[in-house]
Amino acid sequence: MSGIPIGESPLSGNSLPGGNPGPEPAPRVMSLGGMAWRRFLRNPFAVAGLVVLLFFVIVALFARFIAPFDPARIDLLTSNLPFGSGAHILGTDELGRDIFSRLLYSSQVSLLVGFSVAFVSVFIGTLIGAVSGYFGGFVDTFFMRMVDVLNSVPLLFLNILMLAIFGSSFVLLICILALTSWMGVARLVRGTFLQLRETEYVEAAKALGTSDWRIITYHMIRNATAPIIVNATLMIGGAILSEAALSFLGLGIQPPQTSWGQMLSNAQAYMLTDPLQAVYPGLCILVVVLAVNFIGDGIQSAIDPRRKVRRPRRRWGH
Amino acid sequence: MAISIEDKSEGKAKKDGENVLLDVRNLKQYFPVKKGVLQQVVGQVKAVDGVSFRVFPGETLGLVGESGCGKTTTGRSILKLTEPTSGEIIYKGQHLEKLSPRGMRPFRREMQIIFQDPYSSLNPRMLVYDIISEPIKIHHLAEGKGVDKRVYELLDLVGLNRKHAKRYPHEFSGGQRQRIGVARALAVEPELVICDEPVSALDVSIQAQIINLLEDLQNELHLSYIFIAHDLSVVKHISDRVAVMYLGRIVEVAVSSALYAEPKHPYTQALLSAIPEPQVSGMKKQRILLQGDVPSPINPPAGCHFHTRCRFAQEVCSREVPALKDLGNGHLAACHLAK
């Protein structure tokens, strides 16, 4: 089975009986991508997820124009204002910072972390998975045992440890999250490559003298894109959650920068007096992660309607 | 055992050595059988067990035998798609078996393969144009506009047209896909093409088209074929000489007409008697039915591999491996009893 067994049979409905290579072209068929897109659009959850995610992306991009206040501006005279206090729509926190503005700026951080961690870890995972699956043997054993080891370490503690040792800069946070989340992709890509390696078109490429590197990058990866894209999408959600958790613990994004996790952490102290302070960032995290997961599931069933949605292992295994 | 086979073919090769395109000597391809946690090798599948044959320029050598006898593996070992366990592969006087993948590259232009399954042999994500132009680009056979020209030439050669270039494989039928596979193989202007059951996945009506195409191309481009098949009538039609394989070894080689008219090896006799033929009423063809199954290639019988199922088996057959003997006119058979 190739990576994307889409549209085999119904599409090969071609022109001439007996497969005569006649001059008459087969009726123009829809491209594979077009078919998948149509199936995606028919899935209401996926479309809703896409709309919500796009909304948050736009908000993040234009945060500086939308936000009424500087998110780091401290004004102790107006601290702990409740919901709907004049210019401060959602109130202010204990230092008098505008919660609405902070939410907007936090979306930048969360989305940036989500997308870049997903991108980097998918890149690493694909590379390692591809090399393992293609070459097999010692290389495969080496990388797969590495995956096993990393998977058996409690990653939350590994992340905390590394951030504690190296300090918490934004770039470092992304690197550390990416370096501890590529294993699922590597496994998946390896599995796909083990299948693809045996296909005759790969053998044909070898027989033609195509180099190993070109076979991997040109012939095989394009047949493994579907599971990779699905995984990358679902991983965005996981990365956002991880960032939130680390920031909540005070190891992620540091003030004056802000993120949803950090806001949650601040709100903790005022749970009894002003619980809404925790609800706003919590709701944002929930909605974005849910949207991303719906999109991932939607893509999955759009490109491969026959296969059940396969979820990647949740980070930190709980 | 196999040494005697090698001696024989070497003796022959020296006589008309100049003219041999491909000389395969005592080729062996074993696959390890691994078991347990430690992946210990507990045995070997002797897929190809000492095969020797030669291919002359411009000829078609048919390679027949039932499923699992090692025909396909032989073809792939020659191209080093699997690394042969031992033996020699001599192409135009050059030993290929020792070459590294890099050293093999120039020979990739000379030897090509056409696969059995036209559905899995074309990358579903690549345009026909990319499939055919890739070998041209890899071997720098043309540049710029020359690539386009060459691709259209090749499509034309295999009976497709230039409109087909900008399509994906799934838009074609089996026969058309096989033509694309042929075009890809011919893109590097090879001299020897290994046809690995190129028609057995196709409809009977389309089989004839592809066979005719292969024959036309052979005449036009002076190709040599190793034609692997299990359909004896197809092989009879296209081959100049035919080699019959049983359980990893060649049991008989002869000019096509001679082999079909007068098979010397009991296995070939049984195989040929299994060809279905229209019956004239009253005349019943005698069919030789073999007893039992093909023995496992992990543990093949000693001596002649066929002795467990042979009607004429004698004591010597289970003891000594029969060499490929020349029975006159280049008709070789590996049987103690053949005359």
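Chain B is annotated in an unreviewed UniProt entry as ABC transporter of Acididesulfobacillus acetoxydans. Quoted verbatim from the Sequence similarities (unreviewed entry) field of UniProt, the annotation for chain B is "Belongs to the ABC transporter superfamily."

You'll find chain A entered in an unreviewed UniProt entry as Oligopeptide transport permease C-like, N-terminal domain protein, with Acididesulfobacillus acetoxydans given as the organism. Quoted verbatim from the Subcellular location (unreviewed entry) heading of the UniProt record, the comment on chain A is "Cell membrane". Note on chain A: under the UniProt heading Sequence similarities (unreviewed entry), the record states "Belongs to the binding-protein-dependent transport system permease family."

**A short note on the overall build of chain A**
The number of helices and strands found in chain A is twelve helices and zero strands. The secondary structure elements of chain A, listed N-terminal to C-terminal, are α-α-α-α-α-α-α-α-α-α-α-α. Look at the contacts in chain A between residues 6 or more apart in sequence, and 72% of them connect residues 24 or more apart.

**Some remarks on the pairing of strand β1 (residues 22-35) of chain B**
Residue and element names in this part refer to chain B. When β1 meets strand β2 (residues 40-55), the two strands line up antiparallel, connected through twelve bridges. Paired with Phe31 across the bridge in β2 is Val45. From the end of β1 to the start of β2, which pair antiparallel, there are four residues, and Gly36 there has a positive phi angle of about 80°. As defined by bridge partners, β1 adjoins strand β4 (residues 86-91) across five bridges and the pair is classed as antiparallel. Looking across to β4, one finds that Arg25 is bridged to Glu88.

**Thoughts on the UniProt feature "domain: ABC transmembrane type-1" (unreviewed entry) in chain A**
With numbering aligned to this structure, UniProt lists the feature "domain: ABC transmembrane type-1" (unreviewed entry) at residues 107-296 of chain A. Annotated as residues 107-296 of chain A, this span is 82% helix and 0% strand, and its ends, taken at the C-alpha atoms, are 20 Å apart.

**Here's the deal with helix α4 (residues 128-138) of chain B**
Residue and element names in this part refer to chain B. All buried positions along α4 are accounted for by Val128, Ile131, Ile132, Ser133, Glu134, Pro135 and Ile136. Among the structural elements, α5 (145-157) and α6 (174-186) are those in contact with the buried residues of α4. Count one or two residues on from α4 and you reach His140, which has phi positive near 50°.

**Here we look at the confidence of the model for chain B**
Residues and elements named next belong to chain B. When pLDDT is averaged along chain B, the result is 85, and 93% of the positions lie at 70 or above. Considering only residues more than four positions removed or in separate chains, one finds that residues 1-16, a stretch of pLDDT under 50, has 21 contacts. Note on the complex model: pTM 0.78, ipTM 0.82.

**Regarding the nonpolar core**
Formed by 156 residues in total, the largest nonpolar core has its most connected members in Met220 of chain A together with Phe227, Val244 and Ile250 of chain B. If one sorts the elements of this core by residue count, helix α10 (residues 212-248) of chain A sits on top with 18 residues.

**Structural notes on the sheet that holds strand β12 (residues 332-333) of chain B**
All names here are of chain B. The strand order across the open sheet built from eight strands is β6-β7-β8-β3-β9-β10-β12-β11, with neighbouring strands paired in mixed fashion. Sheet topology places β6 (111-114) and β11 (325-326) at the edges, where each strand pairs with a single neighbour. Bridge count for strand β3 (residues 60-64) against strand β8 (residues 224-229) is five bridges, and the pairing is parallel. Across the sheet, residue Thr60 finds its bridge partner in β8, namely Tyr225.

**Section: the UniProt feature "transmembrane region" (unreviewed entry) in chain A**
The feature "transmembrane region" (unreviewed entry), as annotated in UniProt, sits at residues 45-67, 109-135, 155-180, 228-253 and 278-303 of chain A in this numbering. A distance of 29 Å separates the end C-alpha atoms of residues 45-67 of chain A, which is 91% helix and 0% strand.

**Examining the pairing of β3 of chain B**
Residue and element names in this part refer to chain B. The buried count for β3 comes to five of five residues, which makes it a mostly enclosed element. Side chains Thr60, Gly62 and Val64 of β3 all project onto a buried face; the interleaved residues Leu61 and Leu63 project onto the opposite face, where all are buried too. Pairing analysis gives four bridges linking β3 to strand β9 (residues 241-246), with the strands arranged parallel. Bridge pairing links Leu63 to Ala243 in β9.

**Quick word on the confidence of the model for chain A**
Residue and element names in this part refer to chain A. For chain A, the mean per-residue pLDDT works out to 79, and 83% of the residues sit at or above 70. Averaged pLDDT values over the elements of chain A bottom out at 78 in helix α3 (residues 63-66) and peak at 91 in helix α5 (residues 137-152). The low-confidence segment residues 1-27 (pLDDT under 50) makes 51 contacts with residues lying over four places distant or belonging to another chain.

**A closer look at the environment of Cys310 of chain B**
Residues and elements named next belong to chain B. With respect to the helices, strands and loops of the structure, Cys310 is situated in the loop between α10 (266-273) and β11. Residue Cys310 is classed as buried on the basis of its C-beta count, with 20 C-beta atoms lying within 10 Å. Those residues in contact with Cys310 that lie beyond four places of it in its chain are Pro266 and Cys317.

**Considerations on the environment of Leu264 of chain A**
Residues and elements named next belong to chain A. With respect to the element layout, Leu264 can be found in helix α11 (residues 260-267). Of the residues examined, Leu264 has 22 C-beta atoms within 10 Å and is grouped as buried. Considered as a pair, Leu264 and Asp70 are 194 residues apart in the sequence and their alpha carbons are 19 Å apart. Setting aside chain neighbours within four positions, we find Leu264 in contact with Ala244, Phe248, Ala278, Pro281 and Gly282.

**Focus: the sheet that holds β2 of chain B**
Taken together, the four strands give an open sheet; going across it, the order is β2-β1-β4-β5 (chain B), and neighbouring strands pair in antiparallel fashion. Since the sheet does not close on itself, it has two edges, and those belong to β2 and β5 (94-95) of chain B, each with one partner.

**Digging into unusual backbone geometry**
Residue and element names in this part refer to chain B. In the Ramachandran plot, Glu197 falls in the positive-phi region, its phi being about 45° despite a non-glycine side chain. Along the chain, Glu197 falls in the loop between β7 (192-196) and α7 (204-221). In this structure Glu197 comes out as buried when scored by C-beta crowding, with 21 C-beta atoms within 10 Å. Here the phi dihedral of His222 falls at roughly 50°; this positive angle occurs in a residue that is not glycine. With respect to the helices and strands, His222 occurs in the loop between α7 and β8.

**Quick word on the environment of Phe170 of chain A**
Residues and elements named next belong to chain A. Relative to the assigned elements, Phe170 resides in helix α7 (residues 170-179). Given 17 C-beta atoms within 10 Å, Phe170 falls into the partly exposed group. Sequence separation of Phe170 and Gln254 is 84 residues, and the distance between their C-alpha atoms is 8.6 Å.

**Some details on the packing of helix α9 (residues 200-207) of chain A against α10 of chain A**
Residue and element names in this part refer to chain A. Look at α9 against α10: their axes get within 11 Å of each other, and the N-to-C directions meet at 145°. Crossing angle aside, the handedness with which α9 passes α10 is right-handed. On the side of α9, the interface is formed by Tyr201, Val202, Ala205 and Lys206, while α10 contributes Ile215, His219 and Met220. Among the residues forming the contact of α9 with α10, the class breakdown is five nonpolar, one polar and one charged.

So, how was this worked out
- Residues numbered from 1 in each chain as written.
- Chains lettered and ligands numbered in written order.
- Predicted model: local features only at pLDDT ≥ 70, side-chain atom pairs only at ≥ 80, totals over all residues.
- UniProt positions renumbered as here; feature names shortened; annotations may be inferred.
- Helix = DSSP H or I, 4+ residues; strand = E, 2+ residues; numbered from the N terminus.
- Contact = placed C-beta atoms within 7 Å.
- Pairing = 2+ DSSP bridges.
- Buried ≥ 20, exposed ≤ 12 C-beta atoms within 10 Å, placed from the backbone.
- pLDDT = per-residue confidence, 0-100.
- Core = buried A, V, L, I, M, F, W, Y, C linked by C-beta atoms within 7 Å.
- Axes fitted to C-alpha atoms, helices over the stretch in contact; angles between N-to-C directions.
- Left-handed = near helix turned anticlockwise from the far one by under 90°.
- Nonpolar A, V, L, I, M, F, W, Y, C, P; charged D, E, K, R; others polar.

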